[in-house]
Amino acid sequence: MEKPQEFRLEFVALMASLMSIVALSIDALLPALPEISSTLGVTNPNDNQLLITMIFLGLGFGQLLFGPLSDSFGRKPMVYIGFGVFIIASIVCVTTKSFEVMIIGRILQGFGLSSPRSIALSMIRDSYSGNYMAKIISIVVMFFILVPVVAPTLGQLILNFYDWKTIFYFNLFAGVLIMIWFWRRQKETLALENRIKFSSTLFIDGTKAFFKHKQAVAFTFVSGFITGSFMVYLSTSQQIFQEQYNLAEMFPYIFASLAISVGLATYLNSRLVVKYGMLKIAYIACIAYAIISLLYVILFWNGNNPSIFILLTFFALQFFAVGFLFGNLRALAMQPLGHIAGIGAAINGFISTVMAVPIANYIGEFVNTSVLPLFIGFSIFGVLSLLVFLTMKNKVVVAKS
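All of the points below concern the structure found in this document. Keep in mind that this is a model prediction, so the values were computed, not measured.

Describing the nonpolar core
Reasoning step 1: Formed by 147 residues in total, the largest nonpolar core has its most connected members in M15, F219, Y233, F241, L311 and F315.
Reasoning step 2: In this structure, M15 is in contact with A120, M123, I124, V140, F182 and Q186, ignoring residues within four places of it in sequence.

Things to note about the pattern of salt bridges
Reasoning step 1: Across all of its chains, the model carries 3 salt bridges by this definition.
Reasoning step 2: Residue R185 is joined to E10 by a salt bridge in which the shortest nitrogen-to-oxygen separation is 2.8 Å. Within this pair, whereas R185 is found in helix α7 (residues 165-185), its partner E10 is found in helix α1 (residues 9-27), the two being separated by 175 residues in sequence.
Reasoning step 3: The class of E10 is partly exposed, set by a relative accessible area of 33%.

Considering the environment of T153
Reasoning step 1: Take T153: it is sitting in helix α6 (residues 130-161).
Reasoning step 2: For T153, a relative accessible area of 28% puts it in the partly exposed group.
Reasoning step 3: Between the C-alpha atom of T153 and that of N246, which follows or precedes it by 93 residues, the distance is 17 Å.
Reasoning step 4: For T153, the residues in contact, after removing those within four places along its chain, are P252 and Y253.

Describing a nonpolar patch on the surface
Reasoning step 1: A contiguous nonpolar patch, built from L294, I298, I380, V383, L384, L387 and L390 and spanning about 610 Å² of accessible area, is present on the exposed surface.
Reasoning step 2: Looking at the nonpolar patch, the elements that each hand over two or more residues are α11 (278-299) and α14 (372-392).
Reasoning step 3: Considering every element that reaches the nonpolar patch, the biggest residue donor is α14, with 5 residues.
Reasoning step 4: Judged by relative accessible area, which is 66%, I298 ranks as exposed.

Some details on unusual backbone geometry
Reasoning step 1: One non-glycine residue, N246, lies in the positive phi region at around 55 degrees.
Reasoning step 2: Position of N246 relative to the elements: it lies in the loop between α9 (214-244) and α10 (251-276).
Reasoning step 3: Here N246 falls in the exposed class, since its relative accessible area comes to 62%.

Definitions and limits used
- Residues numbered from 1 in each chain as written.
- Predicted model: local features only at pLDDT ≥ 70, side-chain atom pairs only at ≥ 80, totals over all residues.
- Heavy atoms only, no water.
- Core = buried A, V, L, I, M, F, W, Y, C linked by side-chain atoms within 4.5 Å.
- Buried < 20%, exposed > 50% of the residue type's maximum accessible area, 1.4 Å probe, protein only.
- Contact = heavy atoms within 4.5 Å.
- Salt bridge = Lys/Arg side-chain N within 4 Å of Asp/Glu carboxyl O.
- Helix = DSSP H or I, 4+ residues; strand = E, 2+ residues; numbered from the N terminus.
- Patch = residues over 30% accessible without salt bridge, like charges linked within 9 Å, V, L, I, M, F, W, Y side chains within 5 Å.
- Areas by Shrake-Rupley, 256 points an atom, 1.4 Å probe, with all protein chains shown as cover.

Structure, rendered in structure tokens:
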């Protein structure tokens, strides 16, 4: 029987909230990076990027455990276990005096948060399909984007009165509230008859099933390309605006304004995707993503940074295209994986994230005195993504919604 395609506001808000714990743990910490590095004795400013990128490493690997297990034991228990790991990791982060241990704590935070982040996607796939699923994911992402809009400002506000450790405590408090909401209001979405019997070969069998679907594999790789190049911005934004442009006080507001660009695009996508289809919209957005970044590289090849207004214009256009890509790429990858939504979301998230981390770390090393390396990265991975689209464009299967 076909799943009812109806909009449920509380479900959408709750799925966005589960994902938002990740965004809050990343973006609220951005204004505190200099203070943390000073406290922990970090001498190389580029090392601060590891506090952002390494949480993604944990996110990638954690999904490989929680995703398959959620296919066997249900979605909700895995969310609770993941959040428990996040609590332990947060305690590690606030009690350590070592930068290396802090990095381990951030990896563990990502490992724990991989559960609510990926399982939220599985729960959406349990409940929806086709272009309507892409619509729901777009709306979830739109709510999710509201967190980066306010998180750096919130982090800066906390720093004005307390120290950086308070940001971790605030994230924990917000996570507990979301977990209580999830426990009281959200029903299990994976029925007992649809669960996969747990076995030692569960992951191997699920992985084989995943790689049989070329559509899932192709758009997972595109997600990795786009996420990786976007992650460079996340990890270097504080360095770009505070050090290259001397706009430390304006950083939270600049970050928020650019996040709004992504949010606006995801909102428009939610209104357009059922009419025009996720493949067509994502393809056009990918073309725009590549063209905008290539234009910047051509105009500013000498490496000199443009005025802040020109830079913000390019960023806003780039992230507007990203807003049409994030939700649709996930939906395109997940569409053929309804029978293994848990492990499908896990492998999708793992591959795209594990691809993204080295991309971000490598390119981020060059973003010292110029923004040009960032846009070169955008260009390379935008073109690679476009090549995948051109290869897959006539092979995609999208269920009618």
